[in-house]
Amino acid sequence: MIKADLDRPPYSPAKIACFFGVLTYLLRFPFVIRYDLEFNGDCAVWYLMAVRVLHGHYPLYFYGHDYEGTLETYILALFFKVFGPSIQLGGAVILMEWALSVGIGVYLLTRGSSKFHGIVGGAVAALGIPYTLTYTTVPFAGNPVSVLLSMLFLLQAYFFLVRGPSLARFITFGFTLGLGWYVTKKCLPGIAVSLLALGFLRTDAWELRKSFRLAWGLAAFAAFLLGYLPELLYRLSQTQQQHVLGFAPPQQLWFNLRSALDCSMTYFDAQPMSRMLDGFYFWAHLPFDKVHPQSFLDWTFFAIGVCVWIFAARCLWKGLQKKNVPLVLIAGLMFLNLAALVLSAKTNGDTINARRYFYPA
């Protein structure tokens, strides 16, 4: 009866998405005020970089890196220019990225299933788990934006496949790809699942061979170059560069897989270590003995996590059979993110790395 009531109007997918995006922001905002619970060294660096922009220093990448772009730094600096520098303000701006990501995810889920499932999924995303507070309530750029970019790639692929191609969509998609690849390489699974869907899925509105036009493709490529321009100029001018896309050697694959599966349980609140506040324990003590479930509640959440993985595989299979575009995109992102973690040399079989790199899924 509840399901039938929630599936009726006046609820629309867009309204459901907006509601849970706003709810996500409001429920997490108290933790922005208490930013000290999750504040760490990287947060301090991102904050200070935005402050230094106000004093004429214009970084292209996060300090010490040449693969984490600083778009968010300039957005934070803009807010600081208007309202004055504040750690809480920085956290409030970054939290917007997470809220937008939840809204887009709920919209796609509702489109692919039902309003009831969209509302349930939105409630779960809005309430979330303790670990999702780690990067979303402090001025920590890089991780929240990887989620938002992945959702934007999925949303644009959805519009291509369901509503058909247009010049504006090609240009927007190309620019988002270029800018996203400059900002963070963690959006790679989102890019991959979007391109694979556009390359292999056929719908009434989209078929690659019939929908693609050379002029639109060239426009998309030009837009990509425009978005990627900051990194492109850097790569052409630098001889020594960091490499972040190497494949893991065969002997490392098993350790990557084990770390990835362990840390996927973080997102079901089944890992005690990830329930701890980052600002309290991270640099003083890394409790690796708390990676696996320890209590009955941990094991309950672990079982739920296993069921979700199985259900996601089922959704992906059925979505491909029935050409359910949103389900294919959402479930595909989960498994491509897992594959990227296992195959990447950067994972290095490390618990902390795997947990962080799983964020976009």
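About the criteria used
Along each chain, the written sequence defines residue order, and numbers are assigned to residues from 1. It should be noted that, the model being predicted, local features are given only for residues of pLDDT at least 70 and side-chain atom pairs only at 80 or more, the latter also being counted only at that level, while totals for whole chains, interfaces and linings use all residues. With hydrogens and water stripped out, all remaining heavy atoms of the structure feed into the side-chain values. A run of H or I in DSSP becomes a helix once it reaches four residues, and a run of E becomes a strand once it reaches two; helices and strands are each numbered from the N terminus. For each residue, the accessible area found with a 1.4 Å probe, counting protein chains only, is set against the maximum for its type, and the residue is called buried under 20%, exposed over 50%, and partly exposed in between. Contacts are assigned to residue pairs with any non-hydrogen atoms lying within 4.5 Å of each other. The protein chains shown are the only cover counted for residues, whose accessible areas, like all others here, come from Shrake-Rupley with a 1.4 Å probe. Only rings of Phe, Tyr and Trp enter the pairing, Trp through its six-membered ring, and a pair is recorded when the two centres are within 6.5 Å. The plane angle decides the type: under 30 degrees is stacked, over 60 is edge-to-face, the rest tilted. Both a distance and an angle decide whether a charge sits over a ring: NZ of Lys or CZ of Arg must be within 6 Å of the ring centre and within 35 degrees of the ring normal. What makes a salt bridge here is a side-chain nitrogen of Lys or Arg within 4 Å of a carboxyl oxygen of Asp or Glu, nothing more.

A. Molecular detail of the overall build of the chain. The helix and strand tally for the chain stands at 17 helices and zero strands. Classification of the 361 residues of the chain by burial places 50% in the buried group. Here the contacts in the chain between residues at least 6 apart in sequence split such that 76% fall between residues at least 24 apart. Summing over all exposed atoms, the chain offers an accessible surface of approximately 17,400 Å²; the carbon and sulfur share of this is 70%.

B. Just the packing of aromatic side chains, in detail. Scanning all chains against the criterion turns up 22 aromatic pairs. Aromatic side chains Tyr-131 and Tyr-135 sit 5.9 Å apart centroid to centroid with 85° between the ring planes, which places their arrangement in the edge-to-face category. For the pair Tyr-131 and Tyr-135, one class covers both residues: buried. One aromatic cluster is present, formed by Phe-160, Phe-170, Phe-173, Trp-206, Phe-212 and Trp-216 through successive ring pairs. Against the face of Trp-216 rests Arg-213, its NZ or CZ located 4.3 Å from the ring centre.

C. Quick peek at unusual backbone geometry. The phi dihedral of Lys-323 is positive, around 55°, even though this residue is not glycine. Turning to its location among the elements, Lys-323 is positioned in the loop between α15 (296-322) and α16 (325-343).

D. Representation of the pattern of salt bridges. Taken as a whole and assessed by the stated rule, the structure comprises six salt bridges. Between Arg-235 and Glu-231 there is a salt bridge; the shortest N-O distance is 3.7 Å. Residue Arg-235 and its partner Glu-231 are both found in helix α12 (residues 214-237); the two are separated by four residues, about one turn of the helix. By relative accessible area, Glu-231 is classed as buried at 1%. The structure contains a network of salt bridges with shared partners spanning Lys-185, Glu-231 and Arg-235.

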